[in-house]
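Structural description and commentary
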Amino acid sequence: MNVISTDKAPAAIGPYSQAIVTGSLVYTSGQIPLDPATGEVVGEEIVAQAERAIANLKAVLEAAGTDLGHVVKTTCFLKNLGDFAVFNGIYAKHFPSNPARSCVEVSALPKGVLVEIEAVAEQ
């Protein structure tokens, strides 16, 4: 088991790793739309926040030696399921292979963000 850490994605804000590699799989922690340099939330609407969360996820995957094209499963958490259609459009741009996915509405996310995304990928 290998712990993955990169300064190109936000540092963990709790007792967890950005990702863990075990065997040939990478398990990422949820990525929220924080600027890795400042730790501040990026944007106030779903478009900017989804783009930043995906960019952070991409950085973690790259640090683990893989990429968005090797993602086999994502779990997406939305603060407002009313953002689902817009989120889908952004998501489809970055995940053209259509990995398996769960997408649910939650009552709250860290730092009041609108979206969090975690993934499992092949290395």
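Notes on the structure follow. (Residues numbered from 1 in each chain as written. Predicted model: local features only at pLDDT ≥ 70, side-chain atom pairs only at ≥ 80, totals over all residues. Heavy atoms only, no water.)

**Quick word on the overall build of the protein chain**
- Looking only at helices and strands, the protein chain features two helices and six strands.
- Moving toward the C terminus, one meets the helices and strands of the protein chain in the order β-β-β-α-β-α-β-β.
- Expected size for 123 residues packed as a compact globule is a radius of gyration near 14 Å; at 13 Å, the protein chain falls within 12% of this value.
- Its C-alpha atoms give the protein chain principal-axis dimensions of about 40 × 30 × 20 Å.
- Here the protein chain holds 123 residues, and the buried ones make up 40% of them.
- In the protein chain, the proportion of contacts linking residues at least 24 apart, taken out of those at least 6 apart, comes to 69%.
- Taken as a whole, the protein chain presents about 6,100 Å² of accessible surface, with 53% of it coming from carbon and sulfur.
- Taking the average location of the 8 positive side-chain charges in the protein chain and that of its 13 negative ones, the two points are 2 Å from each other. (Helix = DSSP H or I, 4+ residues; strand = E, 2+ residues; numbered from the N terminus. Rg over C-alpha atoms; globule rule 2.2 N^0.38 Å. Buried < 20%, exposed > 50% of the residue type's maximum accessible area, 1.4 Å probe, protein only. Contact = heavy atoms within 4.5 Å. Areas by Shrake-Rupley, 256 points an atom, 1.4 Å probe, with all protein chains shown as cover. Lys, Arg positive; Asp, Glu negative; His and termini not counted. Charge placed at Lys NZ, Arg CZ, Asp CG, Glu CD.)

**Describing the sheet that holds strand β3 (residues 25-28)**
- Here we have six strands laid out as an open sheet, ordered β1-β2-β3-β6-β4-β5, and mixed in their pairing. One side of each edge strand has no neighbouring strand; the edge strands of this open sheet are β1 (2-4) and β5 (100-105). In this sheet, neighbouring strand axes are inclined to one another by 15 degrees on average, regardless of whether the strands run parallel or antiparallel.
- Inspection of the sheet shows strand β4 (residues 71-78) paired to strand β6 (residues 115-122) by seven bridges, in the antiparallel sense. Considered in β6, the bridge of Val 71 is made with Ala 121.
- Its contacts with the sheet put helix α1 (residues 46-63) on β1, β2 (19-22), β3, β4 and β6, and the angle it makes with β6 is roughly 30 degrees. (Pairing = 2+ DSSP bridges. Axes fitted to C-alpha atoms, helices over the stretch in contact; angles between N-to-C directions.)

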